[in-house]
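Per-entry structural report
Take a look at the letters that make up each chain.
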Amino acid sequence: MERAEGFERERLSVVPRPLVDAALTRLVTRRMLVTDAGYFPRARHHGRHRPGGAAETIVIVCVAGSGWVEAEGIRTRVGSSTAIVIPGGVAHSYGADATDPWTIWWCHVRGTDVLELIEAAGIRPDRLTLSLRQVERVTALLDEISVSLALQPAPARLVATSGMAWRLFTQLVVDRALPSEGAPVERAMRYLEERVDGRVQVAELAAMVGVSSSHLAALFRQATGGGVHAHHQALKMARARALLDTTDLPVAEVGRRIGLDDPFYFSRQFRRTHGMSPRAYREQRKG
């Protein structure tokens, strides 16, 4: 028989619904509001079936064991270091594996900004799961939310958990966007970082990481929004800014340190990125 709660050593916090309704009319919390949160360790027989969906968006992070989620007629197995994000209103079912029940952190959220963050994370009704590269960061946020929500849910406390939920969703977005360690695009990025002072041919870089030039270009567009050369140029400009801010090197020498030996060309490229010359940038008061 499936259970919704009542697991040994569980945590469970629920904001009273009149307080939820009031918070959804106030600044900040109307944009992002945590309504429920918890932790279910080794949750044998855990499961929920909501043919009409839920009013809230549900976030579940599996840290051990396994389970499953079903929506749009598609059932997906969920293992460790996986997040489930179920948008509000989407009919769904989920549950723990019968022989290796999952351990999960979870929260429910509402608010006007939730849909945009869901879309940024690439969640759709037919694709509700995300593989997490930094599951410890995500679970730390869910732990913080759970602890905070367990205290008296005063308006200030709800604002605090709203900020934590924002960080949670943005971490999910970042986890999706960042390439995994050892992936071709990650190795290519590391190579470019180590050769900020050089020039790189896309075909040679692609061959080095074992993909075609066109595929590498597509991977870079997905990860950075631009191409290989644009990413390398951004790295060069970041190094130039650091040198201008932290050293007294002449501008021409800064250009040479990032592989742009022609000082006029370096100045033009720097101005194109920053809207000002290297000298004007250095003279700006910062901090």
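Notes on the structure follow. All figures in this text were calculated on a predicted structure; none of them were measured in a lab. Throughout this description, residue numbers start from 1 for each chain and increase along the sequence as written. Side-chain atom pairs in this predicted model are given and counted only at pLDDT of 80 or more, local residue features only at pLDDT of at least 70, and totals for whole chains, interfaces and linings cover all residues. Side-chain measures here rest on the full set of heavy atoms in the structure, leaving out hydrogens and waters.

1. Observations concerning the packing of helix 5 (residues 184–194) against helix 8 (residues 228–246)
- Here an axis means a line fitted to C-alpha atoms, over the contact stretch when the element is a helix, while the angle between two N-to-C directions is reported on a 0 to 180 degree scale. Every helix listed is a DSSP run of H or I at least four residues long, and every strand listed is a run of E at least two residues long, numbered separately from the N terminus. Contact geometry for helix 5 and helix 8: axes closest at 10 Å, N-to-C directions at 40°. Between helix 5 and helix 8, the interaxial angle falls into the category oblique. The way helix 5 lies across helix 8 gives a crossing that is right-handed. Counting all contacts with helix 5, which are made through M189, L192 and E193, the residues of helix 8 involved are V228, H231, H232, L235 and R239.
- In this classification, Asp, Glu, Lys and Arg are treated as charged, Ala, Val, Leu, Ile, Met, Phe, Trp, Tyr, Cys and Pro as nonpolar, and every other residue, Gly included, as polar. When the residues that make up the contact of helix 5 with helix 8 are grouped by side-chain class, the tally is four nonpolar, two polar and two charged. An angle below 35 degrees is treated as roughly parallel, one above 145 as roughly antiparallel, one from 65 to 115 as roughly perpendicular, and anything else as oblique. Two helices cross in a left-handed way if the nearer one is turned anticlockwise from the farther one by less than a right angle. They cross in a right-handed way if the turn is clockwise. A contact between two residues is defined here by any heavy atoms of the two lying within 4.5 Å.

2. Topic: helix 7 (residues 213–224)
- By this rule the span expected of a helix is its residue count minus one, scaled by 1.5 Å. Under the 1.5 Å per step criterion, the end-to-end length of helix 7 is 16 Å for 12 residues, consistent within 8% with the ideal 16 Å.
- Only protein chains enter the accessibility calculation, which uses a 1.4 Å probe; a residue whose area is less than 20% of its type maximum is buried, one above 50% is exposed, and one in between is partly exposed. Listing the buried residues of helix 7 in full gives L216, L219 and F220. Looking down the long axis of helix 7, one finds its buried residues gathered within 100° of arc, a one-sided arrangement. Turned more than 90 degrees from where helix 7 packs its buried face, S214 and Q222 sit exposed. The directions from the helix axis to the C-beta atoms are what the arc is built from.

3. Quick look at the sheet that holds strand 8 (residues 92–96)
- Strand pairing follows a simple DSSP-based rule, namely that at least 2 bridges must link the two strands. Reading across the sheet, the four strands line up as 3-8-5-6 and stay open at both edges, with antiparallel pairing between neighbours. On the outer flanks of this sheet lie strand 3 (47–50) and strand 6 (74–78), each paired with one strand and no other. Within the sheet, the average angular offset between the axes of one strand and its neighbour, ignoring direction, is 10°.
- Sheet topology places strand 5 (residues 67–71) next to strand 6; five bridges connect them, and they run antiparallel. If you follow E70 over to strand 6, its bridge partner there is R75.

4. Brief notes about the sheet that holds strand 7 (residues 82–86)
- Read across the sheet, six strands follow the order 1-2-9-4-7-10 without closing on themselves; strand pairing throughout is antiparallel. Of all the strands in the sheet, just strand 1 (11–14) and strand 10 (129–131) have a single pairing partner and so form its edges. Averaged over neighbouring strand pairs, the angle between their axes works out to 15° when direction is ignored.
- Inspection of the sheet shows strand 4 (residues 57–64) paired to strand 9 (residues 103–110) by seven bridges, in the antiparallel sense. From the neighbouring strand, I58 faces strand 9, where its bridge partner is H108.

5. With respect to unusual backbone geometry
- One non-glycine residue, V28, lies in positive phi territory at about 75°.
- Note on placement: V28 falls in the loop between helix 1 (17–23) and strand 2 (33–40).
- Even without being glycine, E72 reaches a positive phi, approximately 55°.

6. Considerations on the pairing of strand 2
- Among the eight residues in strand 2, eight count as buried, and that is most of the element.
- In this structure, strand 1 lies alongside strand 2, joined through four bridges in antiparallel fashion. Paired with L12 across the bridge in strand 2 is G38.
- Bridge analysis of strand 2 against strand 9 gives seven bridges, and the strand direction is antiparallel.

7. Thoughts on a nonpolar patch on the surface
- Note on patches: the residues involved have over 30% relative accessible area and no salt bridge, like charges join within 9 Å, and the nonpolar side chains Val, Leu, Ile, Met, Phe, Trp and Tyr join within 5 Å. Each accessible area value is a Shrake-Rupley result obtained with a 1.4 Å probe; residue values ignore everything except the protein chains displayed when judging cover. Salt bridge, as used here: a side-chain nitrogen of Lys or Arg that lies within 4 Å of a carboxyl oxygen of Asp or Glu. Together, L27, V28 and V159 make up an exposed nonpolar region whose accessible area comes to about 270 Å².
- Position of V159 among the secondary structure elements: in helix 4 (residues 155–177).
- Judged by relative accessible area, V159 falls into the partly exposed class, the value being 37%.

8. Some words on the nonpolar core
- Side-chain atoms within 4.5 Å link the members of a nonpolar core, which is a set of buried Ala, Val, Leu, Ile, Met, Phe, Trp, Tyr and Cys residues. Of all hydrophobic cores here, the largest spans 53 residues; its most connected members are W102, F169 and L172.
- Within the second largest apolar cluster, 27 residues are counted, among which are M189, V196, L243 and L249.

9. A closer look at the pattern of salt bridges
- All chains considered together, the criterion is met by 12 salt bridges.
- R124 is the salt-bridge partner of D126, the closest N and O atoms lying 3.0 Å from each other.
- By relative accessible area, which is 39% here, D126 ends up partly exposed.
- One network of salt bridges, in which partners are shared, links R17, D36 and E56.

10. A short note on the packing of helix 5 against helix 7
- Closest axis-to-axis distance for the helix 5/helix 7 pair is 10 Å, and the angle between their directions is 80°. Judged by the angle between their axes, helix 5 and helix 7 are roughly perpendicular. For the pair helix 5 and helix 7, contact is made by P184, V185, A188, M189 and L192 and by L216, L219, F220, A223 and T224, respectively.
- A per-class count over the contact of helix 5 with helix 7 returns nine nonpolar, one polar and no charged.

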